[in-house]
Amino acid sequence: MTDKGLREIVAAETKLADIDGQAGRLWYVGYDIHDLAGRTSYEEVVYLLHELRLPTQAELDGLTEFLVEERKVSHFLEDLMPTLAQQTSPMSMLRTSVSAASAYDPDGWDRSDEADRRKALRLIAKTPTMLAMYHRLRTGQEIVQPHPKLPHAANFLYMLHGVEPSQEDAEVLDTTFVLYAEHTMNASTFTARIVASTLSDMFSAITAAISALKGPLHGGANEESMKMLEEVGSPEAAAGYVRELLAGHEKVMGFGHAVYKTMDPRATVLKALSKETGERHGDTPWYEISEAIERTVFEQKGLYPNVDFYAASVYHALQIPTDLMTPIFALARMAGWTAHVREQYADNRVIRPSSEYVGPRDRTWVPIEER
Ligand SMILES: CC(C)(COP(=O)(O)OP(=O)(O)OC[C@H]1O[C@@H](n2cnc3c(N)ncnc32)[C@H](O)[C@@H]1OP(=O)(O)O)[C@@H](O)C(=O)NCCC(=O)NCCS
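We now turn to the structure provided with this report. (Residues numbered from 1 in each chain as written. Predicted model: local features only at pLDDT ≥ 70, side-chain atom pairs only at ≥ 80, totals over all residues. Heavy atoms only, no water.)

A short note on the overall build of the chain
A tally of helices and strands in the chain yields 16 helices and 3 strands. On C-alpha atoms alone, the chain measures out to a radius of gyration of 21 Å, which is about the 21 Å that the 2.2 N^0.38 rule sets for 371 residues. Each principal axis of the C-alpha atoms in the chain carries an extent, and together these give about 70 × 55 × 45 Å. Counting over 371 residues, the chain shows a buried share of 52%. The long-range fraction of contacts in the chain, counting pairs at least 24 apart against all pairs at least 6 apart in sequence, stands at 76%. (Helix = DSSP H or I, 4+ residues; strand = E, 2+ residues; numbered from the N terminus. Rg over C-alpha atoms; globule rule 2.2 N^0.38 Å. Buried < 20%, exposed > 50% of the residue type's maximum accessible area, 1.4 Å probe, protein only. Contact = heavy atoms within 4.5 Å.)

Written out as structure tokens, the structure is:
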């Protein structure tokens, strides 16, 4: 009997993260996500996932300096980006740009763990620049060069909007990056580990991970959640909208989870951020509509919101365009993906599951003229 979706299969040992789906808890390298979110910067989480411990101030400064120095993209990508901005969706751009970034990585084909660590950090540093550059170009605005004095999340908002963000907005985005940074063996991480297990390179593994995240059942849900909030339009309309969706056997995006059978612990943080950020920006209807949807989905199906549902209204309040929400998930998850690739290389065996054959057997071959 096959376990469709491999829910019960343990595909790897990991020291990076753990989930208790019944209790709704998530830990990064032993730290509860509720202790990290809002108190630990994304840069610290990058260090934690790659070194398996929190950094000292000096170690954090060293990592931050490396990330800042690596923010610029190659001339090759700068030349490529206008075409990508004109012709592709943001996730396709990111997939193609990450693949293209391998061409000018200074570590080339060096396969040592130290080189892979640097490649990982370069991807973390450069992908926000790629996304901001893409958005500026497609909207006919001047490209904004990275700001060497701003932290990772603040710099992204700066490159995207062309103005320095408020401290509060920068911290909100940083917290969402922390929440999205890692999540055990989800589809994109598993994809990255499969590619790494063949001893293919870091860029190939991450390109494949982005491809897996692109699908609406995995990463696309924050964008779909935002579209739903806009379609619903008011808290009063939420109950009818949800009932109609469920009556048509359609999924409510941003709800349910393959592992959590209760509230996703990341969603509780994002729900509070959605209220606070919405109020601060006078962008409140989305939180209220979200709450009304949450109530009806629970009454009707007993399902809880996942990380993507309240992320949508948080990003909206930060004036992030809806179609950049999934790519932003990818920028944040870069920390977890790249750490998983290094973990896979460190104790590798090619991942090659079996399949159960259910087709016909012992058929008699006939020449083409007689078929
Ligand atoms: C995340 C997801 C793919 C998990 O799928 P899964 O592991 O197959 O989900 P479950 O097995 O727990 O589903 C249990 C039941 O709830 C239903 N269900 C799950 N999520 C649902 C949703 N968002 N809306 C409506 N019904 C849903 C399933 O159809 C299933 O119903 P059934 O027993 O009548 O067939 C699924 O919940 C989903 O598609 N959610 C919407 C997309 C989304 O938000 N993705 C982001 C994930 S972080």
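Description of helix H10 (residues 202-213)
The end-to-end C-alpha distance of H10, which contains 12 residues, comes to 16 Å, matching closely the 16 Å that a straight helix rising 1.5 Å per residue would cover. Judged by how many residues are buried, H10 sits mostly within the fold: 9 of 12 residues are covered. Among all positions in H10, only Met202, Phe203, Ala205, Ile206, Thr207, Ala208, Ala209, Ile210 and Leu213 are buried. If you follow the buried residues of H10, they end up packed against helix H5 (90-101), helix H6 (113-138), helix H9 (187-197) and helix H16 (325-346). The N-terminus of H10 is capped by aspartate 201, whose side-chain oxygen sits 3.1 Å from the backbone nitrogen of phenylalanine 203. (Expected span 1.5 Å × (residues − 1). Polar contact = N/O pair within 3.5 Å; in protein donor to acceptor, adjacent residues only side chain to side chain.)

Side note on the site of the ligand
Taken together, 19 residues lie near the ligand, and Arg7, Val252, Gly254, Phe255 and Asn306 sit nearest. For the ligand, the protein covers 65% of the area, taking 870 Å² as the surface of the free molecule. At a threshold of 2 Å from the grid points, most atoms of the ligand map onto the largest pocket. Its residues assigned to classes, the shell around the ligand shows 8 nonpolar, 5 polar and 6 charged. (Near = heavy atom within 4 Å. Areas by Shrake-Rupley, 256 points an atom, 1.4 Å probe, with all protein chains shown as cover. 1 Å grid on protein atoms, 1.4 Å probe; cavity = no way out; pocket = protein on both sides within 12 Å on 5 of 7 lines; lining within 4 Å. Sits in = over half its atoms within 2 Å of the grid points. Nonpolar A, V, L, I, M, F, W, Y, C, P; charged D, E, K, R; others polar.)

Side note on the nonpolar core
Counting residues in hydrophobic clusters, the biggest one holds 109 residues, and the most contacted among them are Tyr28, Ile293 and Ile320. Per-element tally for this core: the top contributor is H16, with 12 residues. Discounting chain neighbours no more than four positions away, the residues touching isoleucine 293 are Met228, Leu229, Val232, Ala238, Val242, Val252, Phe255 and Phe309. (Core = buried A, V, L, I, M, F, W, Y, C linked by side-chain atoms within 4.5 Å.)

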